[in-house]
Amino acid sequence: QVQLVESGGGLVQAGGSLRLSCAASGIIFSMSRMGWYRQAPGKQREFVATITSGGSTNYADSVKGRFTISRDNAKNTVYLQMNSLKPEDTAVYYCNAFLLLQYDDWGQGTQVTVSS
């Protein structure tokens with residue numbers, strides 16, 4: 001049973017930082033592509049960042065240079081370090097685990113609110 005549990009969200013002022021964590025279980029973590037996505041009120045869920053099993057990263061243009069995705073295979077955890085936060089980063093952030101023909105699962109999400 002796949003379980004993805006996000007944590008680290010909260011309320012922060014513009015310009016501040018947060019680090020999100022996603023603890024995974026029930027998956028072959030080291031082989032999985034892990035990702036972060038977000039959904040703002042009234043908008044569709046959008047891509048934020050992914051990291052492959054080999055450590056290659058990809059970012060949305062809107063977060064490049066401000067956000068960093070990383071993974072710790074020993075802890076089955078993926079992180080999203082978010083710096084220089086902006087009000088437009090306000091959203092529910094979701095963790096995703098993907099392994100071709102095996103699973104494509106989501107966590108419950110963690111709220112990030114950036115005040116101006």
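Bear in mind that the values here come from a model prediction, so they are computed numbers and not experimental data.

Draft legend 1. Spotlight on the side chain of threonine 50. In this structure, threonine 50 sits in strand 5 (residues 46-51). The residues contacting threonine 50, other than those within four sequence positions of it, are Arg33, Met34, Gly35, Tyr37, Ser56, Thr57, Asn58 and Ile69.

Draft legend 2. Representation of the packing of aromatic side chains. With the rule as written, the count across this model stands at two aromatic pairs. Their ring planes at 70° and their centres at 5.8 Å tell us that tyrosine 37 and phenylalanine 47 sit as a pair that is edge-to-face. Residue tyrosine 37 is found in strand 4 (residues 33-39), and its partner phenylalanine 47 is found in strand 5; the two are separated by ten residues along the sequence. Geometrically, the ring pair formed by tyrosine 37 and tryptophan 106 is edge-to-face, given 5.0 Å between the ring centres and 70° between the ring planes. Within this pair, whereas tyrosine 37 is found in strand 4, its partner tryptophan 106 is found in strand 10 (residues 103-106), the two being separated by 69 residues in sequence. Given a relative accessible area of 15%, tyrosine 37 falls into the buried group. Ring pairs connect the aromatic residues Tyr37, Phe47 and Trp106, which therefore count as one cluster. The ring of tyrosine 94 has arginine 45 lying over it, and the distance from NZ or CZ to the ring centre is 3.7 Å.

Draft legend 3. Local environment of the environment of threonine 68. Inspection of the secondary structure puts threonine 68 in strand 7 (residues 67-72). In this structure, the C-alpha to C-alpha distance between threonine 68 and methionine 82, residues 14 residues apart in sequence, is 6.6 Å. Dropping the residues within four chain positions of it, threonine 68 is found in contact with Tyr59, Tyr79, Leu80 and Gln81.

Draft legend 4. View of the sheet that holds strand 1 (residues 3-7). In space, the four strands of this open sheet follow the order 1-3-8-7, with antiparallel pairing throughout. Each of the sheet's edge strands pairs with one partner strand only, and the pair in question is strand 1 and strand 7. Averaged over all pairs of adjacent strands, the angle between strand axes in this sheet comes to 15°, irrespective of strand direction. Pairing between strand 1 and strand 3 (residues 18-25): five bridges, direction antiparallel. Directly across from glutamine 3, in strand 3, lies its bridge partner serine 25.

Draft legend 5. Just the nonpolar core, in detail. The biggest cluster of nonpolar side chains holds 30 residues, and the ones touching the most others in it are Met34, Trp36, Val78, Leu80, Met82 and Tyr93. Of all the elements in the fold, those that place two or more residues in this core are strand 3, strand 4, strand 5, strand 7, strand 8 (77-82), strand 9 (91-99) and strand 11 (110-115). Sorting elements by how many residues they give to this core places strand 9 first, with five residues. Methionine 34 has contacts with Leu4, Ile27, Phe29, Ala49, Thr50, Ile51, Ile69, Arg71, Val78, Cys95, Asn96 and Ala97, leaving out every residue within four places of it along the chain.

Draft legend 6. A look at the state of the cysteines. Applying the stated criterion across every chain yields a total of one disulfide. Here cysteine 22 connects covalently by a disulfide to cysteine 95, the sulfurs 2.1 Å from one another. As the torsion about the S-S bond is roughly -80°, the cysteine 22-cysteine 95 disulfide counts as left-handed. Here cysteine 22, found in strand 3, pairs with cysteine 95, found in strand 9; they are 73 residues apart in sequence, far enough to count as distant.

Quick notes on the rules
Residues numbered from 1 in each chain as written. Predicted model: local features only at pLDDT ≥ 70, side-chain atom pairs only at ≥ 80, totals over all residues. Heavy atoms only, no water. Helix = DSSP H or I, 4+ residues; strand = E, 2+ residues; numbered from the N terminus. Contact = heavy atoms within 4.5 Å. Phe/Tyr/Trp six-rings, centres within 6.5 Å; stacked < 30°, edge-to-face > 60°. Buried < 20%, exposed > 50% of the residue type's maximum accessible area, 1.4 Å probe, protein only. Lys NZ or Arg CZ within 6 Å of the ring centre and 35° of its normal. Pairing = 2+ DSSP bridges. Axes fitted to C-alpha atoms, helices over the stretch in contact; angles between N-to-C directions. Core = buried A, V, L, I, M, F, W, Y, C linked by side-chain atoms within 4.5 Å. Disulfide = S-S within 2.5 Å.

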